[in-house]
Amino acid sequence: MSSDLFPPADTPSPADNSRRSFLKQSGGILGLALAPPLVSQAERLTAYSKVVAGTTEFTLRVNGQARTVRAEPRVTLLDALRERLDLTGTKKGCDHGQCGACTVHIDGQRTLACLSLAVMQQGKEITTIEGLAQGTELHPMQAAFIKHDGFQCGYCTPGQIMSGVACVREGHADTDDQAREWMSGNLCRCGAYPNILAAVREVAGQPSKG
Amino acid sequence: MNDFSYTQAASAKEATGRLKDQAQAAYIAGGTTLLDLMKANLQEHPQLVDINLLPFKGIEQTKDGLRIGALERMSVVGEHPLVVQAFPAISQSLLLAASPQLRNMASIGGNILQRTRCGYFRDAAFPCNKRVPGSGCPAQTGDNHNLAILGVSDSCIANSYPGDLSVALAAFDAVLTLENAKGKQRRVPLTEFYLLPGTTPQKETVLEPGELIVAVTIPTAAHTQRSTYLKVRERSSYAYALASAAVGLDVQAGTIRAARVALGGVGAQPWRSREAEQALVGQPATDATFRAAAAAALRGAQPREHNRYKVELAQNTLVRALQQVAAG
Ligand SMILES: Cc1cc2nc3c(=O)[nH]c(=O)nc-3n(C[C@H](O)[C@H](O)[C@H](O)COP(=O)(O)OP(=O)(O)OC[C@H]3O[C@@H](n4cnc5c(N)ncnc54)[C@H](O)[C@@H]3O)c2cc1C
Ligand code: SF4
Ligand code: FES
Ligand code: FES
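- Taking an unreviewed UniProt entry as the reference, chain B is identified by name as Xanthine dehydrogenase family protein subunit M belonging to Hymenobacter perfusus.

- If you check an unreviewed UniProt entry, chain A appears there as 2Fe-2S iron-sulfur cluster binding domain-containing protein from Hymenobacter perfusus.

See the structure below:
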């Protein structure tokens, strides 16, 4: 995506002053994240929610930490993670929901960061590949990918691992065929599929029959 | 993607009010269709109105049948016990669609409003009557291998809805509940929701500007329980249908008492085939009956150069789906 999505942080965009309108809160992520509800319940039923325009500051919970992001509403979670928070483990493949390289967990659910707006993820728990290991101890899925050589170039790997962790947790990796189907949202141009399958199946508790 | 402002609506009234004030604004649910198209600069909206707080939730049996809130996610609906047991074709149409990640994000209302995957529509460098009315339709003589053969026109041959769920909804007499800015609700059968391209392919549904999809209701019947969704694609998973069939049968003592048939991938809209149903009802549940029904379903096909194969593919898909349901 073009870099004009990221105006220098210290120059407010024109929209910042002219278009931002501070209307009354009506709850939801904007109300919660940007201003605690100061208005009464009765007022909130009739009032419109705040409109966010131009570059604003908001908080995302990423890998257990509260992180401040300055971004326009059009910035995707993927770009916010990579370009704002220096969490470059999450990869940009297609940027259109077609490859799975950008898979992260949002409230425990595997999700494509490229088709998610950062501004819509306030108040949610975001987990990226950087948040999987416990200190120096790898997550079992990470260890299994190393053991089974589940990659060649490695570009799809963070997405594969995030998807694999969720796939096992969902109970969708109980047979080879089931794991193949439920991992099909993650493409691998290097074709490491047999080894990826072996890793996912091992973590699910039943080694792959190949 | 153009710059836009963002707001979250706390009520349907607020959401529809926003679109009344700002007609070019758009609702966002999962965002998997909307952001995809906005990133390609095929749609531009000055404001996005997040509707995820609206109370369009729930999956429940009502006196009218199974009611699914428009903001329920594809993954949740597809694996819901009520849906799996009483509406297998609906469950399959959801779980064979897109990918697990997309299904976690995508809402039922958004699914119904997804847009065509016609390559010319998705590339702003080309003319396209659907995108720019009157500019032409390069697909007529160009690459049309994945486009429609039923209900098409000289203006557009796209499968306006390329997905799966609405095919099953069309087969099983689903009814949409819609709500407008006045708070007034109306009910529209799914088979009357989509519009054929005719000379106005830019007009895709009967949804009024700013109108919301609240829920979809599917009547329960013997033929919804005994049903299947069969999807044929270029690869075995994570791809749109070249052809698909949603079918339901009520077979008693070898005779078909009731039948529901809809085809995907081949129609300008999700293609309910009452012709096929007429060829099935009252007949023995045999291969000969199924073939006759498939022939009836495709009788009006108007293929172009590269999608001629779909005439036979769709018939074979329908026959196999009917065989599966009759045997099951
Ligand atoms: C790579 C890829 C593969 C896919 N494969 C398949 C497939 O195989 N089968 C299939 O069926 N689908 C497939 N899809 C499409 C996917 O299912 C849809 O993108 C998704 O269902 C849209 O839901 P959403 O909530 O994300 O919609 P959004 O993107 O949020 O919204 C889509 C449109 O609907 C409007 N809208 C949303 N909800 C409402 C409402 N309640 N009332 C009024 N308007 C509303 C929005 O304004 C927008 O115009 C695929 C998508 C991608 C990106
Ligand atoms: S088939 Fe329809 S969507 Fe495709 S180019 Fe022609 S008018 Fe556009
Ligand atoms: S980068 Fe998100 S799916 Fe490809
Ligand atoms: S390892 Fe190279 S794309 Fe998967």
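Let's pick the thread back up.
1. Things to note about the interface of chain B and chain A
So, point 1. With 45 residues of chain B in contact, the opposing surface of chain A contributes 47 residues.
So, point 2. Between chain B and chain A, the buried area comes to about 3400 Å², and carbon and sulfur atoms account for 55% of it.
So, point 3. A per-residue breakdown of the area chain B buries against chain A is headed by Tyr 6, Lys 39 and Gln 101 of chain B, which together make up 21% of the total.
So, point 4. On inspection of chain B and its partner chain A, the count reaches two salt bridges.
So, point 5. A salt bridge links Asp 3 of chain B to Arg 74 of chain A, with the nearest nitrogen and oxygen atoms 3.9 Å apart.
So, point 6. Where chain B touches chain A, the interface holds 18 residue pairs in polar contact (both at pLDDT 80 or more).
So, point 7. Broken down by secondary-structure element, the contributors of at least two residues to the side of chain B that touches chain A are strand E1 (5-8), helix H1 (12-21), helix H2 (34-39), strand E3 (47-50) and helix H6 (100-105) of chain B.
So, point 8. Here the element with the most residues in the side of chain B that touches chain A is H6 of chain B; it accounts for six residues.
So, point 9. Of the residues contributing to the side of chain B that touches chain A, the split by class is 17 nonpolar, 15 polar and 13 charged.

2. Examining the nonpolar core
So, point 1. Within the largest apolar cluster, 53 residues are counted, with the highest numbers of intra-cluster contacts made by Leu 54, Ile 90, Ile 112, Leu 169, Phe 193 and Ile 218 of chain B.
So, point 2. Leave out the neighbours within four places in its chain, and Ile 90 of chain B touches Val 83, Leu 165, Ala 168, Leu 169, Phe 172 and Ile 218 of chain B.

How each quantity is defined
Residues numbered from 1 in each chain as written. Chains lettered and ligands numbered in written order. Predicted model: local features only at pLDDT ≥ 70, side-chain atom pairs only at ≥ 80, totals over all residues. Heavy atoms only, no water. Contact = heavy atoms within 4.5 Å. Buried area = accessible area lost by both parts, 1.4 Å probe. Salt bridge = Lys/Arg side-chain N within 4 Å of Asp/Glu carboxyl O. Polar contact = N/O pair within 3.5 Å; in protein donor to acceptor, adjacent residues only side chain to side chain. Helix = DSSP H or I, 4+ residues; strand = E, 2+ residues; numbered from the N terminus. Nonpolar A, V, L, I, M, F, W, Y, C, P; charged D, E, K, R; others polar. Core = buried A, V, L, I, M, F, W, Y, C linked by side-chain atoms within 4.5 Å. Buried < 20%, exposed > 50% of the residue type's maximum accessible area, 1.4 Å probe, protein only.

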